[in-house]
Amino acid sequence: QDLFHNDDFRGRTASGREIEYTDITVAWEDARRFYYKIIGESLKQSKRTRIIYSKGNHDESMSWAFVQMIKAQFKDADNIAIDDEIKERKLITFGDNFIGITHGEKGQAKSRNLNNMFVIEYPQEFAQAKVREVHAGHLHSERIIDDFGIMTRRLSSGNITDTWHDEQGYVGAHKRFMLFEWSLKKLVAIYYV
């Protein structure tokens, strides 16, 4: 989600909106080194590694292309699954856990109804789960809503504050990324990095 901030080499988002310029060639290489290392270690340590493309509103084409590069790089690994489907809402099921993933900037996703969209789209998985969460980005600040047994988390971001966000007054959010550790039964821990 918004890995490269820009969707082209001219500092524009997927919608064509001009924002602060990112040097895509530098960002691409930084991301390649970062993700290749994480994926490589995961493949060594895990029986199964799963990568999910979750499109953002800034760089949906550029980040999708990046996932294609990852697929090509790790095509010979037999313990990896890569989901590159272009879809607003996706689901991870792990043991008793239901973990919905979305960027969360479109339509009803902006509202408190975000969790209900997952209930409608994935009813069987929802019914079978004992722990239900939805994780969304977009807002760059951490927010949690615990509503009728569904934990909806807006995830914080470690991204720097660019000029546009500064001018709009979107400043002051904690700069950090969140890593979630799950057991087959529940969320075990959240690590801030």
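Shown above is the structure to which this text applies.
Quick caveat: nothing in here was measured; it's all calculated off a predicted structure.

Sorry, what's going on with the environment of Arg 143 here?
With respect to the helices, strands and loops of the structure, Arg 143 is situated in strand β6 (residues 143-147). Taking the C-alpha atoms as reference points, Arg 143 and Arg 153, separated by ten residues in sequence, lie 5.8 Å from one another. Residues within four places of Arg 143 in sequence aside, it is in contact with Thr 152, Arg 153 and Arg 154.

Can you walk me through helix α1 (residues 24-45) in this structure?
In an α-helix, one turn spans 3.6 residues, which is why side chains three or four residues apart end up on the same side. Taking 1.5 Å per residue as the helical rise, α1 with its 22 residues ought to reach 32 Å, and the 31 Å between its terminal C-alpha atoms agrees with that figure. Among all positions of α1, only Ile 24, Ala 27, Ala 31, Tyr 36, Ile 39 and Leu 43 are buried. Buried residues along α1 cover an arc of 150° about the axis, so they all sit on one side. For α1, the exposed residues set more than 90 degrees away from the buried face come down to Lys 37, Lys 44 and Gln 45. Turning to α1, the residues buried within the fold contact β1 (49-52), α2 (60-73) and β2 (80-83).

Please clarify how the pattern of salt bridges should be interpreted in this entry.
Proximity of charged atoms lets side chains of opposite charge pair with each other. One pass over the full model with this rule turns up twelve salt bridges. Taking the shortest distance from any N to any O, the salt bridge between Arg 33 and Glu 29 comes out at 3.7 Å. Remark: Glu 29 and Arg 33 occur in helix α1; sequence separation between them is four residues, near one turn of the helix. For Arg 33, a relative accessible area of 46% corresponds to the partly exposed category.

In this structure, what is going on with the packing of α1 against α2? I would like to understand it.
Packed helices, taken two at a time, are described by the angle their axes make and the gap between the axes. At a closest axis distance of 11 Å, the pairing of α1 and α2 adopts a crossing angle of 45°. By the angle class used here, α1 and α2 are oblique. Once α1 is placed against α2, the crossing between them reads as right-handed. For the pair formed by α1 and α2, the contact residues are Ile 24, Trp 28, Ala 31, Arg 32, Tyr 35, Tyr 36 and Ile 39 on the first element and Met 62, Ala 65, Phe 66, Met 69, Ile 70 and Gln 73 on the second. Here the contact of α1 with α2 is built from residues that sort into eleven nonpolar, one polar and one charged.

Whenever I open this one, the sheet that holds strand β3 (residues 89-94) confuses me. Can you help?
Two orientations exist for strands paired in a sheet by backbone hydrogen bonds: parallel and antiparallel. One open sheet holds the five strands; their spatial order is β3-β4-β5-β7-β6, and the pairing between them is mixed. The open sheet terminates on both sides in strands that have one partner only, identified here as β3 and β6. When strand polarity is set aside, the average angle formed by the axes of neighbouring strands in this sheet is 15°. Summarising the sheet, strand β5 (residues 131-136) and strand β7 (residues 150-154) pair through five bridges and their orientation is parallel. Within the sheet, the bridge partner assigned to Arg 132 lies in β7 and is Ile 150.

What is the right way to read α2 from this model?
Counted at 1.5 Å a residue, the expected span for α2 with its 14 residues is 20 Å, and the 20 Å between its end C-alpha atoms agrees. Within α2, the full set of buried residues consists of Met 62, Ser 63, Phe 66, Val 67 and Ile 70. Along α2, the residues classed as buried sweep out an arc of 145° about the axis, all on the same side. Among the structural elements, α1, β1 and β2 are those in contact with the buried residues of α2.

Help me out: how do you make sense of the environment of Leu 43 in this one?
When you line up the elements, Leu 43 lands in helix α1. Leu 43 gets classed as buried once you look at its relative accessible area, which sits at 16%. Separated by 114 residues in sequence, Leu 43 and Ser 157 place their C-alpha atoms 26 Å apart. Setting aside residues up to four positions removed in sequence, Leu 43 forms contacts with Thr 49, Phe 74, Ala 77, Asn 79 and Ile 80.

Explain the nonpolar core here, please?
The biggest cluster of nonpolar side chains holds 13 residues, and the ones touching the most others in it are Phe 4, Ile 39, Ile 70, Phe 74 and Ile 80. The set of elements that each furnish at least two residues to this core consists of α1 and α2. Ranked by residues supplied to this core, first place goes to α1 with six residues. Not counting residues within four places of it along the chain, the set of residues in contact with Ile 39 comprises Ile 51, Ile 70, Phe 74 and Ile 80. Grouped together as the second largest cluster of nonpolar side chains are eleven residues, Leu 114, Phe 118, Phe 126 and Val 134 included.

Reading the values: rules and limits
- Sequence order as written defines the numbering, with residues in each chain counted from 1.
- A pLDDT threshold of at least 70 governs which residues receive local features in this predicted model, and a stricter bar of 80 or more applies before side-chain atom pairs are shown or counted, although totals over entire chains, interfaces and linings include all residues.
- The side-chain numbers reported here are obtained from all heavy atoms of the structure, hydrogens and water having been left aside.
- Here a strand is any run of E in DSSP of at least two residues, a helix any run of H or I of at least four, and the numbering for each starts at the N terminus.
- By definition in these notes, contact holds between two residues if any of their heavy atoms fall within 4.5 Å.
- For a helix, the expected span equals 1.5 Å multiplied by the residue count minus one.
- Per-residue accessibility, obtained with a 1.4 Å probe over protein chains only, is compared with the maximum for each type, and a residue is labelled buried under 20%, exposed over 50%, and partly exposed between these values.
- The arc in question is traced by the directions running from the helix axis to the C-beta atoms.
- Note on definitions: salt bridges are taken to be side-chain nitrogens of Lys or Arg within 4 Å of carboxyl oxygens of Asp or Glu.
- A fitted line through C-alpha atoms serves as each axis, taken over the contacting stretch for helices, and the angle formed by two N-to-C directions is quoted from 0 to 180°.
- Relative orientations are named as follows: roughly parallel for angles under 35 degrees, roughly antiparallel for angles over 145 degrees, roughly perpendicular for angles from 65 to 115 degrees, and oblique for any other angle.
- With the far helix as reference, a near helix turned anticlockwise by less than a right angle produces a left-handed crossing, and one turned clockwise produces a right-handed crossing.
- Any residue that is not Ala, Val, Leu, Ile, Met, Phe, Trp, Tyr, Cys, Pro, Asp, Glu, Lys or Arg is counted as polar, Gly included; the first ten are nonpolar and the last four charged.
- By the convention used here, strands pair only if DSSP detects at least 2 bridges between them.
- Within this scheme, the nonpolar core is defined by two criteria: the residues are buried Ala, Val, Leu, Ile, Met, Phe, Trp, Tyr or Cys, and they are joined through side-chain atoms within 4.5 Å.

Read these as geometric descriptors, not functional statements.
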